[in-house]
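Descriptive analysis of the structure
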Amino acid sequence: MTNRTAATRYARALFDVAVAEKTDLAVLEQELAAFSDLVKQHPTLEKVLLNPVVPAPRKREAVTVLAARVGLRPVLAKLLVLLAERDRLVLLPDLLETYRARLLDHQKVVRAEVTTAMPLDADRTKAIEHSLAQATGRTVALTTRVAPEIIGGLVARVGSTVYDGCVTTQLEKMRQRLAIGS
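Residues numbered from 1 in each chain as written. Predicted model: local features only at pLDDT ≥ 70, side-chain atom pairs only at ≥ 80, totals over all residues. Heavy atoms only, no water.

**Focus: unusual backbone geometry**
Although it is not a glycine, Lys22 sits at a positive phi angle of roughly 55°. Among the secondary structure elements, Lys22 is positioned in the loop between helix H1 (3–20) and helix H2 (25–41). Given a relative accessible area of 75%, Lys22 falls into the exposed group. (Helix = DSSP H or I, 4+ residues; strand = E, 2+ residues; numbered from the N terminus. Buried < 20%, exposed > 50% of the residue type's maximum accessible area, 1.4 Å probe, protein only.)

Listed below in structure tokens is the structure:
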């Protein structure tokens, strides 16, 4: 089983238990992110918790103390202790990413990224966000990016779907059609 698959299973379990226990899902996400950041920001702590040579009981003890000091929700503290016992704390970044995706899905929010050749003004951004919301039937969390190489038009990524309406792609399609016709 890959780390990503394992992280997805742990994230799903955390989410499902949190829903069953009526835990504030957004606060839980913030606590998980804070713990993950804490580990990343302290190289010594990261070495201890992620090093396979350090015995699991020592990792469990360290995570138990950290969770108590930081004041994590019991459901999250239990999961982190379980990960420490199983020497799976390396899954934290993927677990956080998967939990966030699951939370957005639960809130009926979809992430979208729009790439344009030039920066968009606020009105145009709102119009695109509104159009994507109508197309998906969900609230859209939109980010924009500028990539001059697309010449014009836009490329929208909504979840795993890509809507490519950029001039570069249209020109490439024309070139291919003309090459076939020759």
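Once the structure has been displayed, the description carries forward.
**Remarks on helix H7 (residues 122–136)**
Side chains three or four residues apart in an α-helix point the same way, a direct result of the helix having 3.6 residues per turn. Look at H7: 21 Å from first C-alpha to last across 15 residues, which is about the 21 Å you get at 1.5 Å a residue. Taken together, the buried positions of H7 are Thr125, Ile128 and Leu132. The buried residues of H7 all sit within an arc of 65° when viewed along its axis, so they share a single face. Of the residues in H7, the exposed ones pointing more than 90 degrees away from the buried face are Ala122, Asp123, Lys126 and Gln134. Buried residues along H7 sit in contact with strand E1 (109–116), strand E2 (139–146) and strand E3 (154–158). Phi turns positive, to about 75°, at Gly137, one or two residues after H7. (Expected span 1.5 Å × (residues − 1). Arc of directions from axis to C-beta. Contact = heavy atoms within 4.5 Å.)

**Some words on the nonpolar core**
In terms of nonpolar packing, the biggest core is built from 34 residues, with Leu14 and Leu95 touching the most fellow members. Those elements that place two or more of their residues in this core are H1, H2, helix H3 (43–50), helix H4 (56–70), helix H5 (74–85) and helix H6 (92–106). For this core, the leading source of residues is H5, giving 8 residues. For Leu95, the residues in contact, after removing those within four places along its chain, are Ala7, Tyr10, Ala11, Leu14, Leu32, Leu79 and Leu83. If you look at the next biggest cluster of nonpolar residues, it comprises 9 residues, including Val114, Leu132, Ala156 and Val158. (Core = buried A, V, L, I, M, F, W, Y, C linked by side-chain atoms within 4.5 Å.)

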